[in-house]
Amino acid sequence: MKKNISRALILALFPLLSVAQEAPPSFETVVEDMVFNTSSRIIIDEKTIKESRSPNITSLLSSQANVTVTNTPFQPNSIYIRGGDSSHVLILIDGIPFYDASTIQRTFNLNSLDIKSVRRIEIIKGSQTVLYGGQALSGVIKIETIPQEFTTKTGIQGQVGTQNLADITAVHTEPIEDNQGMIFRGHGSWKNSESPVLGSSRTYSRNSWNGEGTYVWKGAVDGNIKANYIQELNFSPSSNQNYQIVDADDFQQFSRQLAVSSGLKFNNWAWSPRLSLSGQNSVRDFDQPINATNPTLTDQSYGANLRTIRLDVTPVKTEHLTVLSGLSYIHEDFVYRDKGVEISNSFAEQRGLFVKADYKMTESLDLSIGGRIENWEKQDPVGTYQIGLTLLKNTKFEISTGYKIPSLFQLYSTYGNPDLKEERATQYSLSQDIELSDRQQLSLTVFNSQFSNLIVTQGSYPSLRYTNVNKSETHGVEVAYTLRPNDVSSVLFTYGYQEPRDVDNARWLIRRPLVNGSLKYTHSWGVQSGSFELVGAGERLDRNSNTSLTTLPGYVVANASYSYEVNQGLTLYTRLNNLLDYRYQETYSYFTEGFSGIVGGELWF
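**What about the environment of leucine 541?**
The residue leucine 541 is located in strand β30 (residues 540-543) in this model. Classification of leucine 541 by relative accessible area gives buried; the value is 15%. Between the alpha carbons of leucine 541 and arginine 512 there is a distance of 7.3 Å; along the sequence they are 29 residues apart. If sequence neighbours within four positions are ignored, leucine 541 has contacts with Trp508, Ile510, Arg511, Leu549, Thr550 and Thr551.

In structure tokens:
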């Protein structure tokens, strides 16, 4: 049935190609880049991504966007922004919401995406619920993969490295006439990762594959159709009832995501409608036989489907006033089986309406205001709002509210709590951008995030359960400083201080550091380029038992990269991570890998 729906969707969209007309071949995401100008935005462009030679997306976010990322053996990496966690961050890939609806936090492993396929990343901090719904309670990460221009070319990029790393990417782009193009990508990665148990000599096999095909066109209707496939097969350690990470034998984790999406922009229609829709199917399995490290059989399977529809229009667009409005619909279904027995089979629907107005009051004063009405299942509709004020283009104040429903996993899994309340947030921010000179820029932001009914875990396996924290509050400051001493080098410094407080229990929220930051230097000379960076975070709390917390030490790691362009089609490079071989705890007793390095080459023909 799902295959028939996807096939029908694609066939329904192809007739629109007949209205395509000649246009300059610049292929941007057709879902308009809607954002409040008063929100904190960090843009990582294609040049920065390539020069960094970061091994994955989360490493790039840590060094460029002052975002803290952590890992555990059981779930996708967690991202912490302004007191929220991954369940409060919406990930958009080419304008389409992308996540695994079967996961705890409605997320997925960002590192399963091939960073070499990414053209641009934009991180928007602060609640964006009005524009994007409840999953954007503390931020949005927009990832762009579609090239701006298409030429006939084929690329192969290969890497080898420590921990028996082998990584290969193949890509082909093909223009069709002047206003259509296709791109195909494939990626595979194999690695024997160090055990996160300190002092252990064990390694764990980690394999991932992904592929995608995209067809785009420009004309009276701009559009794209994209299909992508992501799969991971990893052997993993486990944990005991005291939260201690332990080595495990034959503990296998498998995940697979299959997605089809499309975006359309109707250029000649009144109000310039933009339509996006997607369908995603996800599967996650946890399997381990009875053996020396596992006294009971583990055979858990999670499945989910995610379907999204979004329509945006611009009913008013004048010199001083722009009004955007839209509607969205999200359908999730979730199935959980343990040892082949169905434990849960549930679904959820979210429906939302929003409007946003930008009014240029004077040459030096802009006002943005928006509101959203959204409802979950048969619940009463909930209203959220966002207001932004810009003074002299560089001083920005914003207040926003947000509302997010629990995930189906949090409600109906073995550890679920069907009585969970929806999470709500109120956030304030004040930003000042200062141009110190033509080559120096400084940005300062102070913020306050107040959450009610924040969802946290209580207890440990097998009595783990999700519950609400009545009140939590995070306030802090973020600093970003950029220096370009000359035309070939740059310095980026970021710093953040925050106090993420669990008001109910009079303590810090777990896994959120009080301090984090980075320092990065890049330099280019002719056909060569290099970078050096320091990335660190301060102390943070984590659970070490059902009733107690422990303080994890802060850390600083150093990374370096070097690239050499042999000719127009061939580039060689190397990347060295954790130069001082420092193994720190991302989460309690989960130690990161030490030093690692790669050498690679990129060939285009």
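Let us keep going from here.
**Here's the deal with the pairing of strand β16 (residues 274-288)**
Of all 15 residues in β16, eleven are buried; the element is thus mostly enclosed. One ladder, built from 14 bridges, connects strand β15 (residues 252-266) with β16; its direction is antiparallel. Pairing of alanine 259 across the sheet is with glutamine 280, part of β16. Here 15 bridges tie β16 to strand β17 (residues 298-317), and the two strands are oriented antiparallel to one another. Note on β17: the bridge partner recorded for glycine 279 is arginine 307.

**A short note on the pairing of strand β32 (residues 555-567)**
Consecutive residues of a regular strand have side chains that alternate between opposite faces of the sheet. Taken together, the ten bridges between strand β29 (residues 528-537) and β32 define a ladder with antiparallel strand orientation. Paired with glutamine 528 across the strands is tyrosine 564, a residue of β32. As judged from the seven bridges shared by β32 and strand β33 (residues 570-577), these two strands associate in the antiparallel manner. Bridging from a neighbouring strand, alanine 560 pairs with leucine 576 of β33.

**Overview of the packing of aromatic side chains**
Summed over the entire model, instances satisfying the criterion amount to 13 aromatic pairs. The interplanar angle of 80 degrees and the centroid separation of 6.4 Å between the aromatic rings of phenylalanine 409 and tyrosine 466 together place this pair among those described as edge-to-face. One end of the pair, phenylalanine 409, is in helix α5 (residues 408-412); the other, tyrosine 466, is in strand β25 (residues 465-486), and 57 residues separate them in sequence. When sorted by exposure, phenylalanine 409 lands in the same class as tyrosine 466, which is buried. Between the NZ or CZ atom of arginine 53 and the centre of the ring of tyrosine 573, over which it lies, the distance is 4.1 Å. Cation over ring: arginine 284 sits above tyrosine 302, and NZ or CZ is 4.9 Å from the ring centre.

**As for the side chain of serine 429**
With respect to the element layout, serine 429 can be found in strand β23 (residues 423-437). The exposure class of serine 429 is buried, given its relative accessible area of 6%. When residues no more than four places from it in sequence are discounted, the contact partners of serine 429 are Thr38, Arg82, Lys396, Phe397, Glu398, Thr445, Val446 and Phe447.

**Some points on a nonpolar patch on the surface**
Judged by side-chain polarity, Phe493, Tyr495, Leu519, Phe532, Leu534, Val556, Leu576, Leu579, Leu580, Tyr582 and Phe595 come together as a nonpolar surface patch covering roughly 920 Å² of accessible area. Listing elements by their share of the nonpolar patch, those giving two or more residues are β26 (489-502) and β29. Tracing the backbone through its elements, the reader meets leucine 579 in the loop between β33 and β34 (585-587). The exposure class of leucine 579 is partly exposed, given its relative accessible area of 32%.

**Some thoughts on the pattern of salt bridges**
What the rule picks out here adds up to 33 salt bridges. When the shortest N-O distance is used, the salt bridge between arginine 82 and glutamate 478 registers 2.8 Å. Here the residue arginine 82 occupies a position in the loop between β3 (78-80) and β4 (89-93), and glutamate 478 occupies one in strand β25, the gap between them amounting to 396 residues. Exposure class is identical for arginine 82 and glutamate 478. Each is buried. Across the pair arginine 439 and aspartate 487 runs a salt bridge, and its minimum N-O distance is 3.0 Å. You can see arginine 439 sitting in the loop between β23 and β24 (440-458) and its partner aspartate 487 sitting in the loop between β25 and β26, a full 48 residues away along the chain. A single network of salt bridges, built from pairs that share partners, joins Asp94, Arg185, Glu212 and Lys226.

Thresholds applied
Residues numbered from 1 in each chain as written. Predicted model: local features only at pLDDT ≥ 70, side-chain atom pairs only at ≥ 80, totals over all residues. Heavy atoms only, no water. Helix = DSSP H or I, 4+ residues; strand = E, 2+ residues; numbered from the N terminus. Buried < 20%, exposed > 50% of the residue type's maximum accessible area, 1.4 Å probe, protein only. Contact = heavy atoms within 4.5 Å. Pairing = 2+ DSSP bridges. Phe/Tyr/Trp six-rings, centres within 6.5 Å; stacked < 30°, edge-to-face > 60°. Lys NZ or Arg CZ within 6 Å of the ring centre and 35° of its normal. Patch = residues over 30% accessible without salt bridge, like charges linked within 9 Å, V, L, I, M, F, W, Y side chains within 5 Å. Areas by Shrake-Rupley, 256 points an atom, 1.4 Å probe, with all protein chains shown as cover. Salt bridge = Lys/Arg side-chain N within 4 Å of Asp/Glu carboxyl O.

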